[in-house]
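Survey of secondary and tertiary structure
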Amino acid sequence: MSKKFYITTAIPYVNAAPHIGFALELIQTDAVARYHRQKGDEVFFLTGTDENSLKNVLAAEKEGLTVQKFVDRNTKRFIELGKVLNISNNDFIQTTAKKHFIGCQKLWQATKSKDIYKKKYKGLYCVGCEQFYAEKELVDNKCPEHQTKLQVVEEENYFFRLSAYQDKLKKLIKSDEYQIMPASRKNEVLSFIEMGLEDFSISRSQARAKNWGVPVPGDQSQVMYVWYDALSNYITALDYDRNGKNFKKFWPADVHIIGKGIIRFHAVYWPVMLLSAGLPLPKKLFVHGYINIAGEKMSKSLGNVVDPFVLVEKYGSEVVRYYLLRYIHPVQDSDFSLEKLEAAYQADLANGLGNLVSRVAGLIEQNKVKIKQDKQDKQDKQFDQIIESFSFDQALKYIWDKIAALDSLITTTKPWELAKAGKKAELSKILNQAANGIFQISQLLKPFLPQTAEKIEKIFTTKQIKKGEPLFPRFEK
RNA sequence: CGCGGGGUAGAGCAGUAGCAGCUCGCCAGGCCCAUAACCUGGAGGUCGUGGGUGCAACUCCCACCCCCGCAACCA
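Residues numbered from 1 in each chain as written. Chains lettered and ligands numbered in written order. Predicted model: local features only at pLDDT ≥ 70, side-chain atom pairs only at ≥ 80, totals over all residues. Heavy atoms only, no water.

A few points about the sheet that holds strand S2 (residues 42-49)
In plain terms, the rule: Note on pairing: two strands pair once DSSP finds at least 2 bridges between them. In this description a helix means any DSSP run of H or I spanning at least four residues, a strand means any run of E spanning at least two, and both kinds are numbered starting from the N terminus. In this analysis an axis means a line fitted to C-alpha atoms, helices contributing only their contacting stretch, and an angle means the value between N-to-C directions, from 0 to 180 degrees. Whether two residues are in contact is decided by their heavy atoms: any pair within 4.5 Å suffices.
Strand order in the open sheet formed by 6 strands is S3-S2-S1-S12-S13-S7, and the pairing between neighbours is parallel. The outermost strands of the open sheet, each flanked by one partner alone, are strand S3 (91-94) and strand S7 (179-181). Neighbouring strand axes in the sheet, compared pairwise and without regard to direction, differ in orientation by 20° on average. The pairing of S7 with strand S13 (residues 284-288) spans 3 bridges and is parallel. In the strand pairing of S13, Ile-180 is matched with Leu-285. The sheet contacts of helix H7 (residues 226-236) involve strand S1 (4-9), S2, S3 and strand S12 (255-259), and relative to S1 the element is tilted by about 155°.

Regarding the protein's contact with RNA strand B
Just so we agree on the cut-off: It suffices for a single heavy atom of a residue to lie within 4 Å of a molecule or strand for the residue to be listed as near it. Polar contacts, as counted here, are pairs of nitrogen or oxygen atoms within 3.5 Å of one another; within protein the pair requires one atom able to donate a hydrogen and one able to accept it, and residues that are adjacent in sequence qualify only if both atoms are side-chain atoms. Residues are grouped as follows: Ala, Val, Leu, Ile, Met, Phe, Trp, Tyr, Cys and Pro are nonpolar; Asp, Glu, Lys and Arg are charged; every other residue, Gly included, is polar.
Around RNA strand B, 50 residues are found, and the nearest of them are Glu-25, Tyr-225, Trp-227, Lys-467 and Arg-474. When the atoms of RNA strand B within 4 Å of the protein are sorted by group, sugar and phosphate make up 61%. Between RNA strand B and Tyr-269 there is a distance of 3.2 Å, counted from a base nitrogen to a side-chain nitrogen or oxygen. Between RNA strand B and Glu-417, the relevant distance is 3.5 Å, taken from a phosphate oxygen to a side-chain nitrogen or oxygen of the residue. Among the secondary structure elements, those contributing two or more residues to the surface near RNA strand B are helix H1 (20-38), helix H6 (183-194), S12, helix H9 (263-276), helix H12 (338-367), helix H14 (392-413) and helix H15 (415-420). By residue number, the principal contributor to the surface near RNA strand B is H12, which donates 9 residues. When grouped by side-chain class, the residues that make up the surface near RNA strand B number 20 nonpolar, 16 polar and 14 charged.

As for unusual backbone geometry
A cis amide bond links Met-181 to the next residue, Pro-182, at an omega of -5°. Of note, Pro-182 is situated in the loop between S7 and H6. With an omega of 5°, the peptide bond running from Trp-251 to Pro-252 counts as cis. Mapping Pro-252 onto the fold places it in the loop between helix H8 (245-250) and S12. Backbone geometry at Asn-211 places phi at a positive 55°, although glycine is not the residue there.

Considering the packing of aromatic side chains
The cut-off we apply is this: Any two rings among Phe, Tyr and Trp, with Trp reduced to its six-membered ring, count as a pair given centres within 6.5 Å; such a pair is stacked if its planes are under 30 degrees apart, edge-to-face if over 60, and tilted if neither. Summary of the burial criterion: residues with accessible area below 20% of their type's maximum are buried, those above 50% are exposed, and those between are partly exposed, where the area comes from a 1.4 Å probe applied to protein chains only. Definition used: whenever NZ (Lys) or CZ (Arg) falls within 6 Å of the ring centre and also within 35 degrees of the ring normal, the charge is taken to sit over that ring.
Tallied over the full model, the rule gives 27 aromatic pairs. Judged by centre distance (6.3 Å) and plane angle (80°), the ring pair of Phe-286 and Phe-392 falls under edge-to-face. You can see Phe-286 sitting in strand S13 and its partner Phe-392 sitting in helix H14, a full 106 residues away along the chain. For Phe-286, a relative accessible area of 1% translates into the label buried. With relative accessibility at 2%, the residue Phe-392 sits in the buried group. Three or more aromatic residues joined by ring pairs form one cluster here, namely Phe-160, Tyr-165, Phe-200, Tyr-225, Trp-227, Phe-265 and Tyr-269. The cationic tip of Lys-119 hangs over the ring face of Phe-159; the distance from NZ or CZ to the ring centre is 4.4 Å. Sitting over the ring of Phe-192, Arg-264 keeps its end group 3.9 Å from the ring centre.

Remember, this is a structural readout, not a statement about activity or role.
Structure follows, in structure tokens:
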């Protein structure tokens, strides 16, 4: 019996080229999606881009392009990133899509009328940050980020009655009805809620938004606050606008995967928006950590931004996938470095997996042993449990322990001696065991390293097993 | 008194009361089937600091020091 499984990444805004952090999110999400497909679930995996952010408008202005041209061009890079990383998403939402606009407006209208109200707001606004600042936050009366003077903006906006949902939301999260993982993030959210939720603005004036964004239904002077529209992507992509069959089938989401920076929107705003509109809540929110470079935050000003395209070009997608899943901690921040990536390649992929495959395939080829496929599907509860908890690093460790066990098996049973001694039956038994062990490894590996898994599968399912080329040649010193 | 995460072998991490562990790196031995790969063993840590509770503390309690985030719109 197949279950439906709906999984999403966050949608990054496209004012700059995609960076390695988003690559991590794509790869993690892809691993979970592929895992569920392998289990026979009907999977819908969504990713996309947020094109309505004012930051896009500002970036476009800088380059002298129309906003639409700018976002189209930049979104291409994100689509391209998915391709080069071999990401198996079923759809890619761009929030300038018509169905997204209509869907957002439908959600707005479905929201309980008492939850949306108009309020005058006056504050100091920084266009660069796209945000209001409190006076005590300023440095020399200037924006702490941009060192520019702030504008006094006064306008009437729509507000959402978040405060009314405080108790209800707390209960839903505490009980794991909407499960936030890991637990430390759940606690963080709960303590945030306990501090008290304030109503938040869900629109801005057309002028301030520079006429870019989703218009508020029935009020041409306002566009939706970009997060209101961005979060809606998870349902608009499923054709919520016309209550399409994907929406009926796949909503609510089984998992949203996001980075720690946007936890509030997903853990607080989004569920409440849905509650007010009478829609079911997503089941899980998984929050991953960030990638640091030599202990420092990645940033353009530091000049330490890692370009995922360059990595893939140099090492290949499988190596990048492996490194990010195995050595970037799923929930804590971790350091990224080329040295570590290369060490992982050499030790785990070349010496470990690659060598084992050559080793066993070579022994089989030389001794012309017949391999009988062990066809039965091995259930592995422990492995399932590891993946359910998003412990990608441990999942790979688990697989690599099996690789080591097979190496150890070969070393201790010495098939080459059995061959010399003419002990055919015993030789065949050992090599069958090894071959089937590798086959099993390839199955476990599929969600993580799909291409490599397939190559291994091919080698060990052909009639005449041949050694062939190394999967991961060692780097020359 | 803002909130959170962290400080365990050269590096990266696991370990929540009972002889301090894993991976990489390093050293020695074995093997010779394999991509100079693989296997075994070894060196290397007063578990941030100071107190407390316990028969027993990396693990619980208290205080302090250091690092890194967040503090309503950054993957």
